[in-house]
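The lines below spell out each chain.
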Amino acid sequence: MADRQEIITRHTLAWLLLVNIAVLAPLHDKMTHWTLAICSICFVWRVGIFSAKVARPPRYLVTLLALASAATVALVTSQIGILNGLINLLILGYALKYIEMRDRRDVRAVVMVGFFLIAITFIEKYSLWFTLQLTLVATLNLAVLLSLYRENEAMVHTAKRATQLLLQSVPLALLLFIVLPRFPPLWLVPNANNVTTGLADTVSLGDINQLTRSPALAFRVSFDNEPPQHQQRYWRALVMEHYDGKSWTPSAAIKQLEANPSQAKAAQRQRPVGQALQYHVIAEPSHQHWLFGLDLAYSPSDGVINLPDGRLYAISSVEQQYQYSVASYTEASLDSQLSEAQIQGNLQLPARSNPKTLALAERFKQSYPDPQQRMAAMMRYFNESPYYYTLQPPPVGPQQIDDFLFENQAGFCVHYASALAFMARQTGIPARLVTGYQGGEWNQSAQYLSVYQYMAHAWVEAWLPNHGWTRFDPTAMIAPERVEQGFDAFFNPADSYLQERPFSSLRLRQYPLLNQFRLSIASIDYYWSKWVLGFDNQRQQQLLKRLLGDVDSTKLAILIICTMALIGVAIAYSVGLLQFQRQPDRLKAGFDAITALLAKKGLPRETDEPPQRYAQRVATHLPTLAVPLQRYIDCYMALKYQPHSSSERQALQQQITRYRRQLRLAILSLDGRQATR
């Protein structure tokens, strides 16, 4: 028969039912269908055990399920990635151990694995709201452990105690957060199932408009000074120099640099000279390398390469929120001179492609010999012709640009940018396609800019003598509201990025009060991202220098030891292992002094004897003390147990001091015969 002390109580089983859902729910997007099914079966089985409807499964059945689960995960690991495969294996182990539990040792194992799963959830879900949610889950998981030792305690009290224990760990967590070195995240391992988000390095007609259906956040920006105007917010991400008649891709030279970071570092641009716009970017995870900057951008941040084509490129793919600083030189020119290879690469056109567009470009070349005037004339052409800007352009055939310019006359930014770049190249002007984002939502309270995926955009950069690469955006000629006021000024959000997102918080924009609440919540998350998730080595050194001056290992060790000692003392005091002498109770001390005098006269106070009864006993033996003793005791009881205002209490304290002095003199004046009578 099992030891009574190892039996799992219903109190603990009830906590386990609650915690099982709380721990696994945040990981639902990591589970395969098989994992989700097995976890559901295990939970239902555990409910049956709790309700005394079914018995525990035999060990051989649990073993078979475990082997089958491991085999299933092994088969799908190549599809979901190594990391997700290991997470699914751990989830399955947690679920199977959950139904196999027989004693308290098994509960402790389940709780420890639960804490590990909570930590795993932080791999990709580290926003403030998920942090608060997972803190609650950790509290519930700790409550399971406490329930093993507090069997008869109400669940509310157990939860309260778990919260207190978790709060006691906060100072130590803060200390470790401040002093521990900032290591690279351990989860940046190859993952075959990483889904890229946002812009792609291959752009075809119709690609960008797919992003307009996503309200996801792309990045946030804070400026050291005033932010640029809306029409100046062109966030460069990718430069496409090769066109094959169907799609645009980066040049082979740039691809080679991206594939070789050491070579890219050696070839990166020097920092421009002049006045710069300083700002700081927090990029959301995209599983890509490209970063975002205005105009000619330069980043001094570690881990960022300033590519020769004017782009910013992260050495490691952006698997989590990534912060970097940027200086944009809006007046500086990019590539005032081009090599012959660069010129030819940006004049390249596919053979026998779009003959009608070629003929149109030739007319521009004949009419406008000057390249700058020619580009201006081609821009005016889009404004003066009956073209239409739409998120749902008609399909095009093999001669894409001909079909768009002369048949459909309706398209999105990529259509117009591709047509302009194509015509510029045909007339002898080097041109390329640039993709990124245009615009941004300004948060006035927190002073930062939010750029969303639906703000994705494409435009043209043409190389002009004495000017270098110059931006030309034909969208501004077709739909100027899109550039000057933003995406929402031209398109209906309900027909684009909100169409498939009925619960998106961006729907609150149409209600001023609710929109202000939305921006306030977003501000809190922004500060969390900036100061907590963005607490890197540089900020850590700045903080430690502010606290310790010149930081060295000795000062750091002293800080850690002293802080941990204070934390240890606080914990020891809270659990009763350490007690400090309290300030003596002057009222009680005076009463004890009187009883000590009476004890010397042969009338000691008995243990737990009430003061009133003691006074009556003393008065019986010493009638001469009856009046002063009773007067003192009445005043003592009034001060000890009755509520009083501050003035009343002060008057009583003066009275009891006087009565105690009179009583003490009366006791001391007793002769030996009276005292022993």
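Residues numbered from 1 in each chain as written. Predicted model: local features only at pLDDT ≥ 70, side-chain atom pairs only at ≥ 80, totals over all residues. Heavy atoms only, no water.

(A) The arrangement of the sheet that holds strand β2 (residues 217-223) in detail. Pairing is antiparallel in the open sheet, where six strands are placed in the order β8-β11-β6-β2-β16-β15. This sheet does not close on itself; its edge strands, each paired only once, are β8 (297-298) and β15 (441-443). Alignment of strand β6 (residues 277-283) against strand β11 (residues 322-328), held across seven bridges, turns out to be antiparallel. The residue bridging Ile282 from the neighbouring strand is Gln323, located in β11. Contacting β2, β6, β11, β15 and β16 (448-452), helix α19 (residues 512-533) runs over the sheet at an angle of about 80 degrees to β2. (Pairing = 2+ DSSP bridges. Helix = DSSP H or I, 4+ residues; strand = E, 2+ residues; numbered from the N terminus. Contact = heavy atoms within 4.5 Å. Axes fitted to C-alpha atoms, helices over the stretch in contact; angles between N-to-C directions.)

(B) Seen up close, the pattern of salt bridges. Following the criterion strictly, the structure yields 19 salt bridges and no others. The partner of Asp29 in a salt bridge is Lys125, with the nearest N and O atoms 3.2 Å apart. A residue pair is termed long-range when its members are at least 10 positions apart, and Asp29 in the loop between α1 (10-24) and α2 (33-50) and Lys125 in the loop between α5 (104-121) and α6 (128-147) qualify at 96 residues. A relative accessible area of 14% means that Lys125 is categorised as buried. Residues Lys356 and Glu407 are paired through a salt bridge, measuring 3.6 Å at the closest nitrogen-oxygen approach. Of this pair, Lys356 sits in helix α13 (residues 355-367) while Glu407 sits in helix α15 (residues 400-408), and the two are 51 residues apart along the sequence. One connected set of salt bridges, linked through shared partners, spans Arg59, Lys97, Glu100, Arg102 and Asp106. (Salt bridge = Lys/Arg side-chain N within 4 Å of Asp/Glu carboxyl O. Buried < 20%, exposed > 50% of the residue type's maximum accessible area, 1.4 Å probe, protein only.)

(C) Inspection of the side chain of Arg233 at higher detail. Looking at where Arg233 falls in the secondary structure, it is placed in the loop between β2 and β3 (234-240). For the buried residue Arg233, which engages in no salt bridge, the nearest side chain bearing the opposite charge is Glu226, 8.6 Å off. Engagement of the side chain of Arg233 in a polar contact is seen with the backbone oxygen of Pro228, the distance being 3.0 Å. (Lys, Arg positive; Asp, Glu negative; His and termini not counted. Polar contact = N/O pair within 3.5 Å; in protein donor to acceptor, adjacent residues only side chain to side chain.)

(D) Highlighting the packing of aromatic side chains. Applying the stated criterion across every chain yields a total of 34 aromatic pairs. Considering the side-chain rings of Tyr389 and Phe491, the 5.6 Å spacing of their centres and the 35 degrees angle between planes classify their relative orientation as tilted. Within this pair, whereas Tyr389 is found in strand β12 (residues 388-389), its partner Phe491 is found in the loop between α18 (480-484) and α19, the two being separated by 102 residues in sequence. An identical accessibility class is assigned to Tyr389 and Phe491; each is buried. Aromatic side chains Tyr448 and Tyr526 sit 4.0 Å apart centroid to centroid with 15 degrees between the ring planes, which places their arrangement in the stacked category. Here Tyr448, found in strand β16, pairs with Tyr526, found in helix α19; they are 78 residues apart in sequence, far enough to count as distant. Among the residues examined, Tyr448 registers a relative accessible area of 1% and is labelled buried. The ring of Phe50 carries Arg10 above its face, with NZ or CZ at 4.1 Å from the centroid. Residue placement shows Arg46 over the ring face of Tyr98; its charged tip is 6.0 Å from the ring centre. (Phe/Tyr/Trp six-rings, centres within 6.5 Å; stacked < 30°, edge-to-face > 60°. Lys NZ or Arg CZ within 6 Å of the ring centre and 35° of its normal.)

(E) Representation of empty space enclosed by the protein. For the structure on display, the rule yields three cavities of 30 Å³ or more. Counted as a void, the second largest cavity has a volume near 60 Å³. Lining the second largest cavity are Pro26, Leu27, Asp29, Lys30, Ile120, Thr121, Ile123, Glu124 and Lys125. Across the lining of the second largest cavity, the residue classes break down as four nonpolar, one polar and four charged. (1 Å grid on protein atoms, 1.4 Å probe; cavity = no way out; pocket = protein on both sides within 12 Å on 5 of 7 lines; lining within 4 Å. Points joined across faces, edges and corners; volume = space filled by probe spheres on them. Nonpolar A, V, L, I, M, F, W, Y, C, P; charged D, E, K, R; others polar.)

(F) Representation of the state of the cysteines within the structure. Applying the stated criterion to the full structure yields zero disulfides. The structure places no disulfide on Cys39, whose sulfur is separated from the nearest cysteine sulfur, that of Cys42, by 6.5 Å. (Disulfide = S-S within 2.5 Å.)

(G) Structural detail: the domain arrangement of the chain. Along its sequence, the chain is carved into domain 1 (4-149), domain 2 (203-335 + 432-461 + 470-513) and domain 3 (583-676). Computed from C-alpha atoms alone, the centre-to-centre distance between domain 2 and domain 3 is 84 Å. (Domains from an automatic or database assignment.)

(H) Up close: the nonpolar core. Phe219, Trp235, Tyr279, Tyr324, Met375, Phe382 and Tyr437 are the most contacted members of the largest nonpolar core, which has 77 residues in total. Element by element, the count of residues in this core is highest for helix α16 (residues 413-426), at ten residues. Here Met375 is in contact with Leu420, Ala424, Ile429, Ala462, Leu464 and Phe472, once residues within four sequence places are set aside. Residues Cys39, Val110, Ile120 and Leu140 belong to the second largest nonpolar core, which totals 44 residues. (Core = buried A, V, L, I, M, F, W, Y, C linked by side-chain atoms within 4.5 Å.)

(I) Representation of the packing of helix α14 (residues 371-384) against α16 within the structure. Packing of α14 against α16 brings their axes to within 11 Å, and their N-to-C directions diverge by 145 degrees. For α14 against α16, the interelement crossing comes out right-handed. Together, Met375, Met378, Met379 and Phe382 of α14 and Tyr416, Ala419, Leu420, Met423 and Ala424 of α16 make up the contact between the two elements. (Left-handed = near helix turned anticlockwise from the far one by under 90°.)

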